[in-house]
Amino acid sequence: MKDIIANNEHLRKLIEGNKRYMASHLEHPDQTSERRFELKHGQHPFAIILGCSDSRVPPEVIFDQGLGDLYVVRVAGNVLDQMIVASIEYAVLHLNVSLIMVMGHSQCGAVAATCNHEQLEGHLPSLTFALNAAFNKAKGQPGNLVENVTLANVDLVANELKQTGAHFPEMVKDNQLTIVPAYYHIGTGKVDLL
Ligand SMILES: [Zn+2]
């Protein structure tokens, strides 16, 4: 894992920002009016984050980044569907972003609801349905079920993206695209690469 961080400047930038956040030494980069003005001419984010909608896991905060730095897709349970894959494809193919982080987190309500087989209203079952593959993979493993399912899910989602995104398989093979699963600890603020 140290190798992948050392060899990927964008991943290093995320991890360094997360360390500042954990240590309460935030720099709040790229949040000035000058930066805002500069971005009128276009965006060149350096990483894509697919994360959960949970209010406790905002990527710009936990990685100490600013305007135009991160291309963020958030959905409860950080699952995939066609529009989410399309949003990510846009950033890879049209904004030339070469790093995708799929980030799950501790105490994820969407994962907990899936683990508890809760009867949910409205459109909510579509989320637990999307998390079922991870549940089936992780159930029976020793340890905490919600954590295990969350870890299984980021792994499955990262792999599915590698296989289904347009041109992603060859880009990953040629080292033009890196897709990393990660896990955020709400209590400590630490992001672990998996
Ligand atoms: Zn969540």
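Quantities reported herein were computed from a predicted structural model and do not represent experimental measurements. (Residues numbered from 1 in each chain as written. Predicted model: local features only at pLDDT ≥ 70, side-chain atom pairs only at ≥ 80, totals over all residues. Heavy atoms only, no water.)

(A) Geometry of the sheet that holds strand β3 (residues 99–105). Pairing within the open sheet is mixed, and its 5 strands lie in the order β2-β1-β3-β4-β5. Single-partner strands in this sheet number two, and they are β2 (70–74) and β5 (191–193). On average, each strand axis in the sheet is inclined to that of its neighbour by 25°, with strand direction left out of account. When β3 meets strand β4 (residues 178–184), the two strands line up parallel, connected through 7 bridges. The partner of histidine 105 across the bridge, within β4, is tyrosine 184. Together, β1 (47–51), β2, β3, β4 and β5 form the strand contacts of helix α2 (residues 9–22), whose direction differs from that of β3 by roughly 35°. (Pairing = 2+ DSSP bridges. Helix = DSSP H or I, 4+ residues; strand = E, 2+ residues; numbered from the N terminus. Axes fitted to C-alpha atoms, helices over the stretch in contact; angles between N-to-C directions. Contact = heavy atoms within 4.5 Å.)

(B) Layout of the pattern of salt bridges. The tally for this structure, following the rule as stated, stands at 8 salt bridges. In this structure, arginine 20 engages glutamate 27 in a salt bridge whose closest nitrogen and oxygen atoms are separated by 3.7 Å. A relative accessible area of 17% places arginine 20 in the buried class. Overlapping salt bridges bring together Asp30, Arg35, Glu38 and Asp69 as one network. (Salt bridge = Lys/Arg side-chain N within 4 Å of Asp/Glu carboxyl O. Buried < 20%, exposed > 50% of the residue type's maximum accessible area, 1.4 Å probe, protein only.)

(C) Structural detail: the pairing of β1. For β1, the buried fraction is high: 5 of the 5 residues fall into the buried class. In β1, alternate side chains face the same way, and those of Ala47, Ile49 and Gly51 on one face and Ile48 and Leu50 on the other are all buried. Examined bridge by bridge, β1 and β2 share 5 bridges and lie parallel to one another. Each bridged residue has a counterpart across the sheet, and for isoleucine 49 the counterpart in β2 is valine 72. Here β1 pairs with β3 via 4 bridges, running parallel. Directly across from leucine 50, in β3, lies its bridge partner valine 102.

(D) A look at the coordination of the zinc ion. For the zinc ion, the full set of protein donor atoms is Cys52 (SG), His105 (NE2) and Cys108 (SG), and the range of their distances to it is 2.0 to 2.3 Å. Sequence spacing of the donors to the zinc ion: C-x52-H-x2-C. Owing to a relative accessible area of 1%, histidine 105 belongs among the buried residues under this scheme. On the basis of relative accessible area, cysteine 108 is assigned to the buried category, the value being 2%. (Donors = N, O, S within 2.8 Å, 3.2 Å for Na, K, Ca; no water.)

(E) Examining the environment of glycine 77 more closely. Inspection of the secondary structure puts glycine 77 in the loop between β2 and α5 (82–94). Accessibility expressed as a relative area gives 1% for glycine 77, which makes it buried. Placed 34 residues apart in sequence, glycine 77 and valine 111 show a C-alpha to C-alpha distance of 6.3 Å. Those residues in contact with glycine 77, other than ones at most four positions away along the chain, are Cys52, Cys108, Ala110, Leu131 and Asn153.

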